[in-house]
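Listed below, chain by chain, are the residues.
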Amino acid sequence: MDGFDSNEGIIVIAATNRPDILDSALLRPGRFDRRIVVNMPDVKGREEILKVHTRKIPLDQDVDLKVIARSTPGFSGADLANLVNEAALIAARKGQDKVTMADMEYAKDKVLMGVERRSMIISDEEKKCTAVHEAGHALVAALIPEADPIHKVTIIPRGLALGVTQQLPLDDRYTYSKDYLEAQLSVLLAGRVAEQLFLNKITTGAASDFEKATEIARKMVCQWGMSDLGPLTFGERDDLIFLGRELAAHRNFSERTAELIDEEVKKIISRNYHRAEELLKKNRRKLIRLAKALLEKEVLDSDEIAQIVGRIKKPKPTIIFPGEKRISPQPTLATTIAKERTSNSGPEESNQEQS
Ligand code: ZN
């Protein structure tokens, strides 16, 4: 690479997580001519990665790597390797000679949501509170069409959390729409809303929900131009790209703008807090049913939730542009809610799917 010798027939390959700080001398023509960006694997990639990691592991006939690949969007190669390893450990612990699909599922939950801590002693009162909180998340996620569908809800402590509501997108996502982000906000805030509405008390359990919600709302205003302040970005960031973490943010705006940003963030948060509140108020009975089922079974999967909520989310394959007419208009949740609001005397739980 010194530029004097010409070493023919030699290909130099290098990898970095920080393409932004490479010396420009390295990037001159004739040195590294091709740059390939390696993203998180897509569904096909995940299947191939799983094939590599399961090569030396005896798999039961029922293991379908395609299904696992489809249900793990956002997993990195290392996550998938971890999943296979965990599944093998579980199978070995149970004395099986093959890894089954159930082991894979268990390992997936472990990687996604953390280790179960069944030994932790929790009072009945606390359990009830967790059940209502998680039921709030799950119900709002099920009711808002744009939100990711629920994978599992549990009140068995996992990792640092007392309960977990795990959503999984139907497909790999590369960009996020404003509707989707606002739906995520409503789902995040619904835990606290449920506590307040149904137990008339608030707990510290919602702290991490608020943290995530505030971060999303702030990015909507400052980075993605999704607020009334318009399509602008505020603040210059030095991002550690490979960590996805903000190192330092330089303020390039005035005190007055800072105030406006705070106001916008607050507006977005309270708008979604109220949406969650409306939804839960209208679906009181469903929430209570969900919370009771959680207390009884401790874990609910997507089918069980759909049965209680009476709503199953399916991917919408048709692409419709604004202004284009749908051939058979399906009533969406948003329109049903709007209708109820105008009639103002809708009976409880009237926004069930009408099909
Ligand atoms: Zn929560």
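Counting starts from 1 at the beginning of each chain's written sequence and moves along it residue by residue. It should be noted that, the model being predicted, local features are given only for residues of pLDDT at least 70 and side-chain atom pairs only at 80 or more, the latter also being counted only at that level, while totals for whole chains, interfaces and linings use all residues. The side-chain quantities take in all heavy atoms of the structure and omit both hydrogens and water.

**Re empty space enclosed by the protein**
Link 1 in the chain: Of the two site types, the cavity is a set of points on a 1 Å grid over the protein atoms alone where a 1.4 Å probe fits but cannot get out, and the pocket is an open set with protein on both sides within 12 Å along at least five of seven lines, each lined by residues with an atom within 4 Å of a point. Grid points are joined across faces, edges and corners, and a volume is the space filled by probe spheres set on the points. Taken as a whole and judged by the stated rule, the model has two cavities of 30 Å³ or more.
Link 2 in the chain: Space inside the second largest cavity adds up to approximately 30 Å³.
Link 3 in the chain: I68, S71, L83, M104, E105 and K108 are the residues that line the second largest cavity.
Link 4 in the chain: Numbering of helices and strands starts at the N terminus; helices are DSSP runs of H or I of at least 4 residues and strands are runs of E of at least 2. Ranked by the residues each element gives to the lining of the second largest cavity, the list is headed by helix 4 (residues 101-113), at three residues.
Link 5 in the chain: Residues that form the lining of the second largest cavity fall into these classes: three nonpolar, one polar and two charged. We call Asp, Glu, Lys and Arg charged. Ala, Val, Leu, Ile, Met, Phe, Trp, Tyr, Cys and Pro are nonpolar, and the rest, Gly among them, are polar.

**Brief notes about the packing of aromatic side chains**
Link 1 in the chain: Aromatic contacts are taken between Phe, Tyr and Trp rings whose centres are within 6.5 Å, Trp giving its six-membered ring; a plane angle under 30 degrees counts as stacked, one over 60 as edge-to-face, and the others as tilted. Applying the stated rule across the entire model yields two aromatic pairs.
Link 2 in the chain: Where Y176 meets Y180, the ring centres are 5.4 Å apart and the plane angle is 15°; that geometry is what we call stacked.
Link 3 in the chain: A centroid spacing of 6.0 Å and a plane angle of 90° characterise the contact between F234 and F253, whose relative ring orientation is edge-to-face. Taken together, the positions of F234 in the loop between helix 7 (207-222) and strand 3 (236-240) and F253 in the loop between strand 4 (245-250) and helix 8 (255-282) put the pair 19 residues apart, joining distant regions of the chain.
Link 4 in the chain: Look at F234 and you get buried, because its relative accessible area is 10%.
Link 5 in the chain: Residue classification places F253 among the partly exposed positions, given a relative accessible area of 21%.
Link 6 in the chain: When the NZ atom of lysine or the CZ atom of arginine is within 6 Å of a ring's centre and also within 35 degrees of its normal, the charge is said to sit over that ring. In this structure, R284 is placed above the aromatic ring of F198, and the distance from its NZ or CZ to the ring centre is 5.2 Å. Three exposure classes are used, based on accessible area relative to the maximum for each residue type with a 1.4 Å probe and protein chains only: buried under 20%, partly exposed in between, and exposed over 50%.

**Observations regarding the coordination of the zinc ion**
Link 1 in the chain: Within the first shell, the zinc ion binds the protein through H133 (NE2), H137 (NE2) and D209 (OD), at distances of 2.0 to 2.1 Å.
Link 2 in the chain: Because water is not among the atoms used, a metal site may look incomplete, as its donors are only the N, O and S atoms within 2.8 Å, or 3.2 Å for Na, K and Ca. Binding-site remark: the zinc ion is held by donors from one chain whose sequence spacing is H-x3-H-x71-D. Within this pair, whereas H133 is found in helix 5 (residues 124-143), its partner D209 is found in helix 7, the two being separated by 76 residues in sequence. In this pair, the class of H133 matches that of D209, namely buried.

**Considering unusual backbone geometry**
Link 1 in the chain: Phi angles above zero are rare outside glycine, and N200 is one such case at about 55°.
Link 2 in the chain: With respect to the helices and strands, N200 occurs in the loop between helix 6 (178-198) and helix 7.
Link 3 in the chain: Among the residues examined, N200 registers a relative accessible area of 69% and is labelled exposed.
Link 4 in the chain: A positive phi angle, near 70°, is found at E298, a position not held by glycine.
Link 5 in the chain: With respect to the secondary-structure elements, E298 resides in the loop between helix 9 (284-297) and strand 5 (299-301).

**Some points on helix 10 (residues 302-309)**
Link 1 in the chain: Considered for burial, the residues of helix 10 that qualify are I305, A306, I308 and V309. All buried residues of helix 10 project into a common sector of 165° when viewed along the axis, lining one side. For helix 10, the exposed residues set more than 90 degrees away from the buried face come down to D303 and Q307.
Link 2 in the chain: Those residues of helix 10 that are buried lie in contact with helix 5, strand 1 (150-154), helix 9 and strand 5.
Link 3 in the chain: Just beyond helix 10, the residue with positive phi is G310, at close to 70°. Arc, as used here, means the arc of the directions from the helix axis to the C-beta atoms. We call two residues in contact whenever any of their non-hydrogen atoms come within 4.5 Å of each other.

**Some thoughts on the pattern of salt bridges**
Link 1 in the chain: Salt-bridge detection follows one rule: a side-chain nitrogen of Lys or Arg within 4 Å of a carboxyl oxygen of Asp or Glu. Scanning all chains against the criterion turns up 18 salt bridges.
Link 2 in the chain: Between E86 and K110 there is a salt bridge, with its nearest N and O atoms 2.9 Å apart. Here E86, found in helix 3 (residues 77-93), pairs with K110, found in helix 4; they are 24 residues apart in sequence, far enough to count as distant.
Link 3 in the chain: As a salt-bridge pair, E182 and R271 come within 2.4 Å of each other at their nearest N and O atoms. Of this pair, E182 sits in helix 6 while R271 sits in helix 8, and the two are 89 residues apart along the sequence.
Link 4 in the chain: If you follow the salt bridges from partner to partner, you end up with K44, E47, E48 and K51 in one network.

**As for the packing of helix 6 against helix 9**
Link 1 in the chain: Two elements in contact, helix 6 and helix 9, have axes whose closest approach is 12 Å; the angle formed by their N-to-C orientations is 100°. Taken together, the axes of helix 6 and helix 9 are roughly perpendicular relative to one another. Touching A194, L197 and F198 of helix 6 are R284, L287 and I288, all from helix 9.
Link 2 in the chain: Tallied by class, residues from the contact of helix 6 with helix 9 come to five nonpolar, no polar and one charged. The angle between two axes is taken between their N-to-C directions and runs from 0 to 180 degrees, where each axis is a line fitted to C-alpha atoms and a helix contributes only its stretch in contact. Note on terminology: angles under 35 degrees are roughly parallel, angles over 145 are roughly antiparallel, angles of 65 to 115 are roughly perpendicular, and the others are oblique.

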